[in-house]
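Letter by letter, the chains look like this.
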Amino acid sequence: MTLLRLESVSRRFPVGSSILGSRKYLTAVDGVSLNVEAGQTTGIVGESGCGKSTTGRIALGLDSPDSGRVLFQGSLLPRIGSKEWRSQRRQMQLVFQDTLGALDRRMTVNALIAEPLEIHGVGDAASRRQRVWELLQAVGLGEDHHMLYPHQLSGGQRQRVVLARALAPKPSLLVCDEPVSALDVSVQAQIVNLLVDLQRELGLGILFISHDLRIVRYVSDRIVVMYLGRVVEQGRADVIIDHPAHPYTQALVSAMPRLPGGFDHYVPLSGEPPNATDRPSGCPFNSRCPLAQDICRQSLPELLPLDSKREVACHRVRDR
Ligand SMILES: Nc1ncnc2c1ncn2[C@@H]1O[C@H](COP(=O)(O)OP(=O)(O)OP(=O)(O)O)[C@@H](O)[C@H]1O
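Residues numbered from 1 in each chain as written. Predicted model: local features only at pLDDT ≥ 70, side-chain atom pairs only at ≥ 80, totals over all residues. Heavy atoms only, no water.

Summing up its helical and strand segments, the protein has eleven helices and twelve strands in all. Overall, the C-alpha framework of the protein stretches about 65 × 55 × 40 Å when taken along its three principal axes. The buried share of the protein, taken over its 320 residues, is 49%. Of all intrachain contacts in the protein linking residues separated by at least 6 positions in sequence, the fraction that spans at least 24 positions is 62%. Roughly 15,200 Å² of accessible area belongs to the protein as shown, and the carbon and sulfur atoms make up 48% of that amount. (Helix = DSSP H or I, 4+ residues; strand = E, 2+ residues; numbered from the N terminus. Buried < 20%, exposed > 50% of the residue type's maximum accessible area, 1.4 Å probe, protein only. Contact = heavy atoms within 4.5 Å. Areas by Shrake-Rupley, 256 points an atom, 1.4 Å probe, with all protein chains shown as cover.)

Counting across every chain of the model gives 17 salt bridges. In this structure, Arg 131 engages Glu 134 in a salt bridge whose closest nitrogen and oxygen atoms are separated by 3.5 Å. With a gap of three residues between them, Arg 131 and Glu 134 both fall in helix 4 (residues 125–138), about one helical turn apart. Across the salt bridge formed by Asp 212 and Arg 214, the nearest N and O atoms sit 2.8 Å from each other. A relative accessible area of 16% places Asp 212 in the buried class. Among the charged side chains, a network of salt bridges with common partners joins Arg 5, Glu 7 and Arg 69. (Salt bridge = Lys/Arg side-chain N within 4 Å of Asp/Glu carboxyl O.)

Next up on the list: the packing of helix 3 (residues 109–119) against helix 4. Running from N to C, helix 3 and helix 4 cross one another at 120°; their axes reach a closest spacing of 9 Å. What the angle tells us is that helix 3 and helix 4 run oblique. Remark: the crossing between helix 3 and helix 4 carries right-handed chirality. Contacts between helix 3 and helix 4 involve Val 109, Asn 110, Ile 113, Ala 114, Leu 117 and Glu 118 from the first element and Arg 128, Arg 131, Val 132, Leu 135 and Leu 136 from the second. Here the residues of the contact of helix 3 with helix 4 sort into seven nonpolar, one polar and three charged. (Axes fitted to C-alpha atoms, helices over the stretch in contact; angles between N-to-C directions. Parallel < 35°, antiparallel > 145°, perpendicular 65-115°, else oblique. Left-handed = near helix turned anticlockwise from the far one by under 90°. Nonpolar A, V, L, I, M, F, W, Y, C, P; charged D, E, K, R; others polar.)

Across the sheet, which stays open at both edges, the eight strands sit in the order 6-7-8-3-9-10-12-11 with mixed pairing between neighbours. The sheet is open, and its two borders are formed by strand 6 (92–95) and strand 11 (304–307), each paired with just one other strand. Each neighbouring strand pair of the sheet contributes to a mean axis angle of 25°, computed without reference to strand direction. Where strand 11 lies against strand 12 (residues 310–312), three bridges are found, and the strand directions are antiparallel. Each residue of the ladder has a partner; that of Leu 304, found in strand 12, is Val 312. (Pairing = 2+ DSSP bridges.)

Moving on to the nonpolar core. If you look at soluble globular proteins, the nonpolar side chains tend to sit buried side by side. In this structure, Leu 163 and Leu 174 are the most contacted members of the largest nonpolar core, which totals 61 residues. Examining the composition of this core, we find that seven residues originate from one element, helix 6 (residues 185–202), more than from any other. In this structure, Leu 163 is in contact with Val 95, Val 139, Leu 174, Leu 194, Leu 195 and Leu 198, ignoring residues within four places of it in sequence. In terms of nonpolar packing, the next biggest core, distinct from the first, is built from 25 residues, Leu 6, Val 9, Leu 60 and Phe 72 among them. (Core = buried A, V, L, I, M, F, W, Y, C linked by side-chain atoms within 4.5 Å.)

We now examine the site of the ligand. Residues in close proximity to the ligand include Phe 13, Leu 26, Ala 28, Glu 47, Ser 48, Gly 49, Cys 50, Gly 51, Lys 52, Ser 53 and Thr 54, which together make up its full environment. The side chain of Ser 48 places a nitrogen or oxygen atom 2.5 Å from an oxygen atom of the ligand. Separating an oxygen atom of the ligand from a backbone N or O atom of Ser 53 is a distance of 2.8 Å. Protein chains bury 61% of the 630 Å² of accessible surface belonging to the ligand in isolation. At the level of elements, strand 2 (24–37) and helix 1 (52–59) are the ones that each hand at least two residues to the shell around the ligand. (Near = heavy atom within 4 Å. Polar contact = N/O pair within 3.5 Å; in protein donor to acceptor, adjacent residues only side chain to side chain.)

Right, let's talk about the packing of helix 3 against helix 5 (residues 155–167) for a bit. Interhelical geometry of helix 3 versus helix 5 gives an angle of 30° and a closest axis separation of 7 Å. Judged by the angle between their axes, helix 3 and helix 5 are roughly parallel. Crossing of helix 3 over helix 5 shows right-handed handedness. Along its contact with helix 3, which presents Val 109, Leu 112, Ile 113, Glu 115 and Pro 116, the element helix 5 presents Val 161, Ala 164 and Arg 165. Considering only residue class, the contact of helix 3 with helix 5 consists of six nonpolar, no polar and two charged.

Enumeration over the complete set of coordinates arrives at three aromatic pairs. When the centroid spacing of 5.0 Å and the interplanar angle of 80° are considered together, the rings of Tyr 227 and Phe 285 count as edge-to-face. Pair noted here: Tyr 227 is in strand 9 (residues 222–227) and Phe 285 is in the loop between helix 9 (247–254) and helix 10 (294–298), with a separation of 58 residues, a long-range link. A residue is classified by how much of its surface remains accessible, and Tyr 227, at 1% relative accessible area, is buried. Taken together, Tyr 227, Tyr 248 and Phe 285 form an aromatic cluster joined through their ring pairs. Over the ring of Tyr 25 we find Arg 12, and its NZ or CZ is 3.8 Å from the ring centre. (Phe/Tyr/Trp six-rings, centres within 6.5 Å; stacked < 30°, edge-to-face > 60°. Lys NZ or Arg CZ within 6 Å of the ring centre and 35° of its normal.)

The backbone of Ser 8 shows a phi angle near 45°, a positive value even though the residue is not glycine. Following the sequence through the fold, Ser 8 ends up in strand 1 (residues 2–15). Of note in this structure, Gln 73 is not a glycine but carries a positive phi near 50°. You can see Gln 73 is positioned in the loop between strand 4 (67–72) and strand 5 (75–76).

Purely spatial values, then, with no claim about function.
Quick look at the structure:
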């Protein structure tokens, strides 16, 4: 069952000064469509600034698209701030990257986990205490931690608190935005495994945002590759990573440690993406693409099925 569906969603932001007449618009997200199935994970990858977090905020209804639609369990997301929106927000929770300070330093772990239950008016005081206890256990924290303050916890323990807070209102969808990028590699693995276990147990749908392809491959059923606000390739996670088709995906994958039987070409990725206020005409990737030809500078490639397992937006892939 499709839990979340983004249909041709776009979002642009004004940049520069309107007084000096230099106002420009930056297109952060441009015609993005994706699905998250119940009990499954859709990963979004791409370099910094490609629009991953903006897509996540739109998916959660924390930001509104300028065009396109967001459907949650088949219905349009209610207007931001409305009563319906507030009640639906329980169903959709954000797991963000904990930088020390994102959690209120004056609150104990207990109080931090109880807070979302109080905000959403879940149960009475006794049932909330019971739920906090269950959540502590679910994320691998317990008696030793519940009266501690955030600064007394390790990064991994704080991320467990972030996860417990997100799970408190019993959501069906989690949007995880770089949930482990601030952590050491070994702790990253613990938190990612915890997330995968909890997903299995609770049947959660997850939109998992990260610039780290290894982690996205590990957790995702489907992967969406974004470049300058657009989806350049999306499909089954194993196909995207083992047989990437778009030159951008190939470059990202070839920068990963090689996997047995996986993609074994080296595709260089030089320079930085162009400024998002000044996107090149044609394919957004043409200025860095080793395969670019005239057509790539002239016309924007559509995202079209390449085979039954993925869609690709590239003129040249179809020529090969
Ligand atoms: N509120 C805003 N006002 C103006 N520009 C914005 C705003 N939010 C995001 N942007 C711009 O939109 C683009 C996409 O940002 P976004 O945070 O979605 O990218 P990202 O892929 O998540 O990046 P990162 O991996 O660095 O978090 C960036 O160029 C960013 O500067």
